[in-house]
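Close look at the chain arrangement
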Amino acid sequence: MDLTITGPVHLSNLERDLGYVRGALDRARPRRPAVIPLLWAALVLVGFSLLDLAPSLAGPFWLVASPVGFLASVWAGRRAARRSGVRDRASARRHLLHWAGLLAALTLLVPLVRSGALTGFAVGQTALLLVALGYWLDGVHHLPANRWVAVVLVAGYLASFVIQRHVWLLVGVVVAGLAISVMPAQIVAGSMTARQIA
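These remarks concern the structure in this document. (Residues numbered from 1 in each chain as written. Predicted model: local features only at pLDDT ≥ 70, side-chain atom pairs only at ≥ 80, totals over all residues. Heavy atoms only, no water.)

Examining the side chain of His 98
Tracing the backbone through its elements, the reader meets His 98 in helix H4 (residues 89-107). Within polar-contact distance, the side chain of His 98 engages the backbone oxygen of Gly 134 at 2.8 Å. Ignoring any residue separated from it by four or fewer positions in sequence, one finds His 98 in contact with Gly 134, Leu 137 and Asp 138. (Helix = DSSP H or I, 4+ residues; strand = E, 2+ residues; numbered from the N terminus. Polar contact = N/O pair within 3.5 Å; in protein donor to acceptor, adjacent residues only side chain to side chain. Contact = heavy atoms within 4.5 Å.)

Shown next as structure tokens:
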């Protein structure tokens, strides 16, 4: 195959062509649907509030809400990928394994709690630290804005050693707000329309 250029190459044409290719790649890149951070913002707000306001309900809430939220997130991600026409199975598998690993790690706290090795306030602190690590790693590998969510989660973890009253409620409100605030970056980047949010 002969790739010899026979005429002059104009920089403006090259820039335009590269701009077109870049735009096509940006549009083709799968994005996280906005319903996922909205769902988790709501779950965090309710679940963290329960830790302060009705601690006996917090454990059962998270035992149900975590797997249901995970499955709803998987469904929303698959639905968004189908609607966009982008099929990146490798990326989808990495996302699935990442968040399933976090869910498994959190589930493995249950034997520690049942055996009495992990009790009281330390259960929430340990879970918060695991979730912070999950968000940090997701921020490193997938969605950079999630590093900020991780930083806030770690700040909440540290605050839980100092603040004794309504610390979980405070952390829940801040984390839920931050999870929602990272959505505009996805929307502005052209990742979704208002129709796709629902």
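Structural notes on a positive patch on the surface
A contiguous patch of positive charge on the surface is contributed by Arg 78, Arg 82, Arg 87 and Arg 89. Counting through the fold element by element, Arg 89 comes out in helix H4. We classify Arg 89 as exposed; its relative accessible area is 68%. (Patch = residues over 30% accessible without salt bridge, like charges linked within 9 Å, V, L, I, M, F, W, Y side chains within 5 Å. Areas by Shrake-Rupley, 256 points an atom, 1.4 Å probe, with all protein chains shown as cover. Salt bridge = Lys/Arg side-chain N within 4 Å of Asp/Glu carboxyl O. Lys, Arg positive; Asp, Glu negative; His and termini not counted. Charge placed at Lys NZ, Arg CZ, Asp CG, Glu CD. Buried < 20%, exposed > 50% of the residue type's maximum accessible area, 1.4 Å probe, protein only.)

Thoughts on the side chain of Gln 125
Summarising the element assignment, Gln 125 is placed in helix H6 (residues 121-141). Side-chain polar atoms of Gln 125 contact the side chain of Ser 160, separated by 2.9 Å. Leave out the neighbours within four places in its chain, and Gln 125 touches Tyr 157, Ser 160, Phe 161 and Trp 168.

What to know about H6
In a regular helix each residue adds 1.5 Å, so 21 residues correspond to 30 Å; H6 covers 31 Å between its end C-alpha atoms and thus fits that length. Taken as a whole, H6 has its buried residues at Gly 124, Gln 125, Leu 128, Ala 132, Gly 134, Tyr 135, Asp 138 and Gly 139. Against the buried residues of H6 lie helix H2 (35-53), H4, helix H7 (146-159) and helix H8 (167-181). (Expected span 1.5 Å × (residues − 1).)

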